[in-house]
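Residues per chain are reported as follows:
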Amino acid sequence: MTGNPASNLPEPKFLIDESLSPEVAKALILVDYNFVDVRSAIRPQEVKDPEIIQWCQENEAIWVHADVAAPKKHGELLQTSGIRTLLVVRPKAGMSRQEQLRVLSFVLPRLLKQLEDRRPPRHYIAKAANPMSAPSLRT
């Protein structure tokens, strides 16, 4: 995607962290989403959340992750950094790469549409009740 011609805003960049598959980022790139995985963007070794938040701030990227504890653990840092996040809620049994891709593919168009608003929310949650249900996107 080269940007939204209606608003002339640049296409958002998404950084997917280690809690989700880097293969999902690669698949989304194939259909023109501006995704990068954390190990390609920052370094191959483990990257801590504060470094991810800083990278997202410096690169105006949206942090895509599945760590439900991150908002509480890093609330102040997230607030001061001003970055946007997309939490992908995984079921207790886990989430396959295919399911991660399905959920993100379903919610990304709606997220991009919301980002066109004058004052879009900073934090989003994507969730699917089961593999047969339509994923939801909420703030």
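Everything below is about the structure shown above.
Residues numbered from 1 in each chain as written. Predicted model: local features only at pLDDT ≥ 70, side-chain atom pairs only at ≥ 80, totals over all residues. Heavy atoms only, no water.

**As for the packing of aromatic side chains**
Summed over the entire model, instances satisfying the criterion amount to one aromatic pair. Taking the centre distance of 4.8 Å and the plane angle of 15° together, the rings of Phe-14 and Phe-35 count as stacked. Of the two residues, Phe-14 is situated in strand E1 (residues 13-16) and Phe-35 in strand E2 (residues 35-37); the sequence distance between them amounts to 21 residues. Phe-14 sits in the buried class, given a relative accessible area of 0%. (Phe/Tyr/Trp six-rings, centres within 6.5 Å; stacked < 30°, edge-to-face > 60°. Helix = DSSP H or I, 4+ residues; strand = E, 2+ residues; numbered from the N terminus. Buried < 20%, exposed > 50% of the residue type's maximum accessible area, 1.4 Å probe, protein only.)

**Describing unusual backbone geometry**
At Asp-32, a residue that is not glycine, the phi angle is positive and equals roughly 75°. Mapped onto the elements, Asp-32 comes out in the loop between helix H1 (22-30) and E2. Although it is not a glycine, Glu-60 adopts a positive phi angle of roughly 50°. With respect to the element layout, Glu-60 can be found in the loop between helix H3 (49-59) and strand E3 (61-65). Take Glu-60: its relative accessible area is 71%, and that puts it in the exposed class.

**A word on the sheet that holds E1**
Read across the sheet, six strands follow the order E2-E1-E3-E4-E5-E6 without closing on themselves; strand pairing throughout is mixed. Each edge of the open sheet is held by one strand with a lone partner, namely E2 and strand E6 (136-138). Recorded for the sheet is a direction-independent mean angle of 20° between the axes of neighbouring strands. Against the sheet, H1 contacts E1 and E2, and its axis sits at roughly 160° relative to E2. Against the sheet, H3 contacts E1, E2 and E3, and its axis sits at roughly 150° relative to E3. (Pairing = 2+ DSSP bridges. Axes fitted to C-alpha atoms, helices over the stretch in contact; angles between N-to-C directions. Contact = heavy atoms within 4.5 Å.)

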